[in-house]
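Examining the three-dimensional arrangement
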Amino acid sequence: VPNFIFIITDDQDLHLNSIDYQPSVQKHFAQEGTWFKKHFCTVALCCPSRVSLLTGKAAHNTNVTDVSAPYGGYPRFIEEGFNNDYLPVWLQNAGYNTYYTGKMMNGHSLSTYNNPRINGWNGSDFLIDPGTYIFYNATMSRNHDPAKNYPGEYSTDLISAAAVGFLDDAINAPDRPFFIGVAPIAPHSETITGGGAARFNAPVPAKRHEHLFPNVTVPRTPNFNPNTTGTASYFKSIRQLNQTEIDYNDDWYRKRLQSLQSVDELIDSIISRLEANPSVLNNTYLIYTTDNGYHIGQHRLPPGKSCNIEEDINIPFFIRGPGVPKGAVQNIPSSHTDIVPTLFELAGIPLREDFDGEVIPVTKELLEKNDKSEHVNIEFWGEYLVEGNTFFGESFFPNNTHKHVRVIGEDYDLAYAVWCTNEHELYDMINDPYQLTNLYNSNATIGSWPISSLSARLNGLLLTLKRCKGRTCTRPWEKLHLDGRVKNLKDALDSKYDKFYEQHQHPVTFSECGLGQVLSLEGALEPVVWDEKWDEWSYST
Ligand SMILES: O=[N+]([O-])c1ccc(OS(=O)(=O)O)cc1
């Protein structure tokens, strides 16, 4: 039975190239394991993302859809009953010793961490709000003891020491397999919470890294502060950033890279401890990922997350361990809901019916029988929080609720979204990876398919996914086509189904921009299910 070490950073980007500045991620993960290049979070916000990850469920099923009350935060996690029904509890029941250090989720705070205690951990050392994001004065609670502050000590170094200590404990209990969760705060902003609206400053690196990367700037990609504005909701009203704001952004970016150097050191410490115990190393899967992505200046946005742009949703995911190909890069799409099913598979634990994700083919053996689905469902509820304090004089933008699906097949790579303003977006991610041209309602084609044919199918898909549970989330086309003859978008694009989709599937609709999941605001539409009665419309077969 294998062990797991799961490292999850906070707000780390893939698309701003942060991994390029982490030689230890390159050396110990990219070279020793596989990079899943098309891995996505299910919600581009910490608490909903982490609860989705830890339960294997889509956020619309966890009903933890925000960072704070009433729709999210630790108290919501408790109210939804997950304290007895999530990853570490399941692993303990399967015979694992479990350990965790770092950030658990928003709202795991001085007033809630003992009320009730979080279950499932044999050993724990949690960052506790409002001290979670204070890099040189973290608040932590060890094994549920009264929380204390660590003035003058660096947060990521504390997490690193706790992680290595738990690794020693785990190695000293050789009769039980182990899971260790390691959740440093980098490269999250230094966030002041606890009184009124949260305030976000640049992350604070360890003093020993403050001098690094003096000339590095945010990559000037085609979507960096472009001449034209975005296409939906508040994106349309964001003005171009001025030079002061760009300089501020570049400084923010450097501090993120600097703060990640301590994470590299944390990786080195864990790997050296494992290398001193080769039999443990050979039986341990290590994962490196983050909760959600991040943008700085793309589409003119200030620093932040929570959007449906690729920078916020497509995130680092590396795995190494027994049977995992080394130095490999995979384009098989996957998401955070797939992680717990994958751990279960590797541990030989039967999969739960209520998982909304499926096993990622991480080993050679799993790759041989791979039939992973081609889509990823991404959801968001609530406002866009502006990080940094020099932007637009606003602390948030309203109307950020949206539903989004990424479909990544051999012949297409699509991003389709419906916003709570009932605006739509459709991007051809092969020819427009920076999402500069919204093709929805245009006369364009993607591949040989007209936009109208594509969007009709994507409407059916999104209607199916928005309330899906279990297998419907991973095999939505089975739900639309009960005869099982349609397995992916390409099958559904058969002209035989044109009228069925174009005349009978409606777009997802919203009546209002909710601040969390409020079903009455989301439209009661269900997809129409294909039936033999449509056969009279067939042009082929
Ligand atoms: O509103 N807050 O308190 C808040 C919001 C976002 C946030 O960042 S996140 O990465 O934890 O979502 C932290 C605190």
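Report on the accompanying structure. By convention here, each chain's residues receive numbers from 1 onward along its written sequence. With the structure being a predicted model, the display of local features is reserved for residues of pLDDT at least 70 and the display and counting of side-chain atom pairs for 80 or more, all residues being used for whole-chain, interface and lining totals. Hydrogens are left out, water is left out, and the side-chain values use all remaining heavy atoms of the structure.

**Overview of the overall build of the chain**
- Of the regular secondary structure elements, the chain holds 16 helices and 22 strands.
- To get the radius of gyration, use the C-alpha atoms; to get the globule rule, take the number of residues to the power 0.38 and multiply by 2.2 Å. What you see for the chain is a C-alpha radius of gyration of 23 Å, in line with the 24 Å of a compact globule of 541 residues.
- Whether a residue is buried, partly exposed or exposed follows from its accessible area with a 1.4 Å probe, protein chains only, as a fraction of its type maximum: under 20%, in between, or over 50%, in that order. Split into buried and exposed, the 541 residues of the chain put 62% on the buried side.
- Method for areas: the Shrake-Rupley scheme with a 1.4 Å probe, in which residue coverage is limited to the protein chains shown. Within the structure as shown, the chain displays about 19,700 Å² of accessible surface, and the carbon and sulfur contribution to it stands at 48%.
- Residues scored as positive are Lys and Arg, those scored as negative are Asp and Glu, and His as well as the terminal groups of each chain are ignored. Lys charges are placed at NZ, Arg charges at CZ, Asp charges at CG and Glu charges at CD. When the 44 positive and 65 negative side-chain charges of the chain are each reduced to one mean point, those points stand 1 Å apart. A run of H or I in DSSP becomes a helix once it reaches four residues, and a run of E becomes a strand once it reaches two; helices and strands are each numbered from the N terminus.

**Looking at the environment of asparagine 137**
- With respect to the helices, strands and loops of the structure, asparagine 137 is situated in strand 6 (residues 137-142).
- Taking relative accessible area as the criterion, asparagine 137 reaches 28% and is therefore assigned partly exposed.
- Remark: the alpha-carbon pair of asparagine 137 and asparagine 149, spanning 12 residues in sequence, is separated by 6.0 Å.
- Setting aside its immediate chain neighbours within four residues, asparagine 137 contacts Gly131, Asn149, Tyr150, Pro151 and Glu153. The contact criterion used throughout is that any non-hydrogen atoms of two residues lie within 4.5 Å.

**Overview of the state of the cysteines**
- Throughout, disulfides are identified as pairs of cysteine sulfur atoms within 2.5 Å of each other. Applying the stated criterion across every chain yields a total of 2 disulfides.
- Between cysteine 468 and cysteine 473 runs a disulfide, and the two sulfur atoms are separated by 2.1 Å. Handedness of the cysteine 468-cysteine 473 disulfide follows from its S-S torsion of about 100 degrees: it is right-handed. Here the two residues cysteine 468 and cysteine 473 agree in accessibility, since each one is buried.
- The connectivity of the disulfide-linked cysteines in the chain, indexed sequentially, is 1-4, 2-3.
- Not part of a disulfide, cysteine 46 finds its nearest cysteine sulfur in cysteine 47, a span of 6.2 Å.
- Looking at cysteine 46, the relative accessible area reads 3%, which means it is buried.

**A look at the sheet that holds strand 18 (residues 402-408)**
- Here we have 4 strands laid out as an open sheet, ordered 15-18-19-20, and antiparallel in their pairing. The open sheet is flanked by strand 15 (375-380) and strand 20 (424-428), the only strands paired with a single partner. Here the strands of the sheet are splayed against their neighbours by 10 degrees on average, with no regard to which way each runs.
- Strands pair, by our definition, only if DSSP identifies at least two bridges between them. Pairing geometry for strand 18 and strand 19 (residues 413-419), over 7 bridges, is antiparallel. Bridging across to strand 19, arginine 406 finds its partner in alanine 415. Between the N-to-C directions of two axes lies an angle of 0 to 180 degrees, each axis being a line fitted to C-alpha atoms and, for a helix, fitted only over the stretch in contact.

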